[in-house]
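Inside the fold
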Amino acid sequence: MSIGVGIFLMVVGAILSFAVRDSWAAVNLTAVGYILMLAGLAGIVLSFYITNRRRRVPNDALDPAIEEEYRVVEEHHRDIKE
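Residues numbered from 1 in each chain as written. Predicted model: local features only at pLDDT ≥ 70, side-chain atom pairs only at ≥ 80, totals over all residues. Heavy atoms only, no water.

1. Some thoughts on the overall build of the chain
Counting secondary structure elements, the chain contains three helices and zero strands. Tracing the chain from N to C terminus, the helices and strands come up as α-α-α. Looking at the 82 residues of the chain, the share that counts as buried comes to 15%. When contacts within the chain are restricted to residue pairs at least 6 apart in sequence, long-range pairs at least 24 apart make up 54% of them. Looking at the chain as shown, the accessible area adds up to about 7100 Å², and 63% of this sits on carbon and sulfur atoms. (Helix = DSSP H or I, 4+ residues; strand = E, 2+ residues; numbered from the N terminus. Buried < 20%, exposed > 50% of the residue type's maximum accessible area, 1.4 Å probe, protein only. Contact = heavy atoms within 4.5 Å. Areas by Shrake-Rupley, 256 points an atom, 1.4 Å probe, with all protein chains shown as cover.)

See below:
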């Protein structure tokens, strides 16, 4: 579900909850509106979570052994300067 669908569900739910004053004996339109607003909010939150999870890049660019070798060389270079 994308952000647009979540916003659409929230708008339809708000209209059913706050703007529609008709009563239907079989269905409580206010409750349906609140359920749609919650579903829209959940859709927006999930789409943000999924999008941010896809954008993360693992920062394990170097092999740990190579990284340790760089650290040793840098420390040795710093000791020589002092």
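2. Here's the deal with the environment of Phe18
With respect to the helices and strands, Phe18 occurs in helix α1 (residues 3-19). What makes Phe18 partly exposed here is its relative accessible area of 48%. Separated by 15 residues in sequence, Phe18 and Gly33 place their C-alpha atoms 8.2 Å apart. Ignoring sequence-local partners within four residues, the contact set of Phe18 consists of Tyr34 and Met37.

3. As for the packing of aromatic side chains
One pass over the structure, following the stated rule, counts one aromatic pair. With 6.0 Å between their ring centres and 80° between their planes, Phe18 and Tyr34 make a pair best called edge-to-face. On the criterion of sequence distance, the pair formed by Phe18 in helix α1 and Tyr34 in helix α2 (residues 29-55) is long-range, its members being 16 residues apart. (Phe/Tyr/Trp six-rings, centres within 6.5 Å; stacked < 30°, edge-to-face > 60°.)

Remember that the coordinates give geometry; whether it matters functionally is a separate question.
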